[in-house]
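Residues per chain, in single letters:
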Amino acid sequence: ILENEVFVMSWVIGADREIDDVKAAGIIDQALSDNNKNYKVARGKALKGVKLQAVPVAHFYSWSEEFKKLGGQVKIPRVMKEDEFTEFRAYINGLG
């Protein structure tokens, strides 16, 4: 996502307990750097940061029920286009 004129990788994860978003983002960033040379190159060039937001797991189910229908064959996407992610994040943040 382009934020403040720089590209950042944004994650929203479900967690039913409080976690440190900054620490979790750092762990993901390090794991991706250690395991993917293309990510490591991007991280040193265009990709300037990693952001993470932990939300209750129920928020994913609410979104899925409202927008994608809830069921065994309906999957929550692991990767979204920027406009889809912006809408998803707005919905999630509106749940409180």
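Anyway, here's the lowdown on the structure attached to this text. (Residues numbered from 1 in each chain as written. Predicted model: local features only at pLDDT ≥ 70, side-chain atom pairs only at ≥ 80, totals over all residues. Heavy atoms only, no water.)

### Some remarks on helix H4 (residues 82-94)
Thought 1: In this model H4 runs 18 Å from its N-terminal to its C-terminal C-alpha over 13 residues, within 8% of the 18 Å that 1.5 Å per residue would give.
Thought 2: Buried within H4 we find Phe85, Phe88, Tyr91 and Ile92. Viewed along the axis of H4, the buried residues span an arc of 125 degrees, placing them on a single side of the element. Among the exposed residues of H4, those pointing more than 90 degrees away from its buried face are Glu87, Ala90 and Gly94. (Helix = DSSP H or I, 4+ residues; strand = E, 2+ residues; numbered from the N terminus. Expected span 1.5 Å × (residues − 1). Buried < 20%, exposed > 50% of the residue type's maximum accessible area, 1.4 Å probe, protein only. Arc of directions from axis to C-beta.)

### What to know about the nonpolar core
Thought 1: Of all hydrophobic cores here, the largest spans nine residues; its members are Val12, Val55, Phe60, Trp63, Met80, Phe85, Phe88, Tyr91 and Ile92.
Thought 2: Secondary-structure elements contributing two or more residues to this core are helix H3 (57-68) and H4.
Thought 3: Considering each element in turn, this core owes the most residues, four residues, to H4.
Thought 4: Once you skip the residues sitting within four places of it in the chain, phenylalanine 60 turns out to touch Val12, Ile13, Gly14, Val55, Ile76, Phe88 and Ile92.
Thought 5: Counting seven residues, the second-largest nonpolar core is a separate cluster that includes Ala24, Ile28, Tyr39 and Leu52. (Core = buried A, V, L, I, M, F, W, Y, C linked by side-chain atoms within 4.5 Å. Contact = heavy atoms within 4.5 Å.)

### What about the packing of aromatic side chains?
Thought 1: Tallying each qualifying case throughout the model produces three aromatic pairs.
Thought 2: Summarising the aromatic geometry, the rings of tryptophan 63 and phenylalanine 88 are spaced 4.9 Å apart at their centres and angled 85 degrees between planes, so their arrangement reads as edge-to-face. Of the two residues, tryptophan 63 sits in helix H3 while phenylalanine 88 sits in helix H4, which places them 25 residues apart along the sequence. Neither residue differs from the other here; tryptophan 63 and phenylalanine 88 are each classed as buried.
Thought 3: With a centroid separation of 6.4 Å and 40 degrees between ring planes, the pair formed by phenylalanine 85 and phenylalanine 88 is classed as tilted. (Phe/Tyr/Trp six-rings, centres within 6.5 Å; stacked < 30°, edge-to-face > 60°.)

### Quick notes on the packing of helix H1 (residues 21-35) against helix H2 (residues 37-44)
Thought 1: Between H1 and H2, whose axes approach to 5 Å, the crossing angle comes to 120 degrees. The angle between H1 and H2 places the two elements in the oblique class. Residues Asp29, Leu32, Ser33 and Asn35 of H1 lie in contact with H2, whose contacting residues are Lys37, Tyr39, Lys40 and Arg43.
Thought 2: In terms of residue class, the contact of H1 with H2 is built from two nonpolar, two polar and four charged. (Axes fitted to C-alpha atoms, helices over the stretch in contact; angles between N-to-C directions. Parallel < 35°, antiparallel > 145°, perpendicular 65-115°, else oblique. Nonpolar A, V, L, I, M, F, W, Y, C, P; charged D, E, K, R; others polar.)

### Topic: the pattern of salt bridges
Thought 1: Following the criterion strictly, the structure yields one salt bridge and no others.
Thought 2: Residue aspartate 29 pairs with arginine 43 through a salt bridge whose shortest N-O separation is 2.9 Å. Here aspartate 29 is found in helix H1, whereas its partner arginine 43 is found in helix H2, with 14 residues between them in sequence.
Thought 3: By relative accessible area, which is 16% here, aspartate 29 ends up buried.
Thought 4: Judged by its relative accessible area of 24%, arginine 43 falls in the partly exposed class. (Salt bridge = Lys/Arg side-chain N within 4 Å of Asp/Glu carboxyl O.)

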